[in-house]
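Here are the chains, one letter per residue:
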Amino acid sequence: MTTLPDGQPIIGQRFRGFLPVVVDVETAGFNAQTDALLEIACIPIIYDEAGRFMPGEALHAHLHPFEGARLDRRSLDFTGIDPFNPMRMAIAEDEKLALKRIFKRLTEIRREQGCTHCILVGHNAHFDLGFLQAAVARTGTKNQTPFHSFSVLDTVTLGAVAYGQTVLARACRAANIEFDGKEAHSALYDTQKTAELFCHILNSWPQMLLDTTEQNP
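It should be emphasised that the depicted structure is a prediction, and the values quoted were computed from it without experimental measurement.

Chemist: I'm lost on the overall build of the protein in this one. Help?
Modeler: Helices and strands together make up the secondary structure of the protein, namely seven helices and six strands. Counted from the first residue to the last, the protein has its helices and strands arranged as β-β-β-β-α-α-α-β-α-β-α-α-α. Relative to the globule expectation of 17 Å for 217 residues, the C-alpha radius of gyration of the protein, 18 Å, shows essentially globular dimensions. Projected onto the principal axes, the alpha-carbon positions of the protein cover approximately 60 × 35 × 30 Å. A sequence separation of at least 24 residues applies to 68% of the contacts in the protein between residues at least 6 apart.

Printed below as a string of structure tokens:
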């Protein structure tokens, strides 16, 4: 197995050359073309020294709504995000600059891990991919994005197969992963929990198969 200089194995040979990157977005609506992208978080999945899947470096940004963006009040009430809160506005970034920063770091990690592309991992992953692709088109960062244009890995499917649960909080609790509902709808928190769930399922999969076989001889 190929390893990094410190001996830690790389992920490049595990997912057909893809680097799994867990992504969550918080938005001001459901239409990726018209509604604001307000927050994005990305966490690449790598190996630890023992060859088990683990969340890597978290990349995160609060974003200023793009010019002309629609802000749906019901969506804002649901997420609890106030785009014009002075404290939020002080740390929010321009959409293009934030994406370029995140893409640059993900590309560095992708290369370190011997991967050809990043593949988006998400809970209802095509929702996140749709908003990401719309932002890429708006900001002209198609040449910078490391993500595969349509392939995803979805923890809704994995949670349903492993635990019979499709809601993130319920799937996490079924996996004995702590989940604080008060922290939900923060892109960074949801990404961290999705990454923990994804890694837990992958790391537990051989034992899950064994348990299923033993229960159904």
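Chemist: What exactly am I supposed to notice about unusual backbone geometry here?
Modeler: Apart from glycine, the bulk of residues carry a negative phi angle, and the bulk of peptide bonds sit in the trans form. Non-glycine residue R16 carries a positive phi angle of around 55 degrees. By the secondary structure assignment, R16 is in the segment before β1 (18-27).

Chemist: Please explain the packing of helix α3 (residues 95-112) against helix α4 (residues 125-139) as it appears in this structure.
Modeler: A pair of packed helices is characterised by two quantities: the angle between their axes and the separation of those axes. Two elements in contact, α3 and α4, have axes whose closest approach is 10 Å; the angle formed by their N-to-C orientations is 115 degrees. When the axes of α3 and α4 are compared, the pair comes out roughly perpendicular. Between α3 and α4 lies a crossing of left-handed hand. Taken together, the residues of α4 that come into contact with α3 (itself represented by E95, K96, L99 and F103) are L132, A135, V136, R138 and T139. Among the residues forming the contact of α3 with α4, the class breakdown is five nonpolar, one polar and three charged.

Chemist: Would you mind showing me how to read the packing of aromatic side chains here?
Modeler: In this description, a pair of aromatic rings is defined by centroid distance and the angle of the planes. In total, this model carries six aromatic pairs according to the counting rule given. Here F127 and F131 contribute two aromatic rings whose centre-to-centre distance is 5.0 Å and whose plane-to-plane angle is 45 degrees, an arrangement assigned as tilted. Of this pair, F127 and F131 both sit in helix α4, four residues apart, which is roughly one turn of the helix. Feature note: the residues F15, Y47 and F53 constitute an aromatic cluster, connected by ring pairs. One Lys or Arg, R138, reaches over the ring of F66 and ends 3.8 Å from the middle of that ring.

The rules behind each value
- Residues numbered from 1 in each chain as written.
- Predicted model: local features only at pLDDT ≥ 70, side-chain atom pairs only at ≥ 80, totals over all residues.
- Heavy atoms only, no water.
- Helix = DSSP H or I, 4+ residues; strand = E, 2+ residues; numbered from the N terminus.
- Rg over C-alpha atoms; globule rule 2.2 N^0.38 Å.
- Contact = heavy atoms within 4.5 Å.
- Axes fitted to C-alpha atoms, helices over the stretch in contact; angles between N-to-C directions.
- Parallel < 35°, antiparallel > 145°, perpendicular 65-115°, else oblique.
- Left-handed = near helix turned anticlockwise from the far one by under 90°.
- Nonpolar A, V, L, I, M, F, W, Y, C, P; charged D, E, K, R; others polar.
- Phe/Tyr/Trp six-rings, centres within 6.5 Å; stacked < 30°, edge-to-face > 60°.
- Lys NZ or Arg CZ within 6 Å of the ring centre and 35° of its normal.

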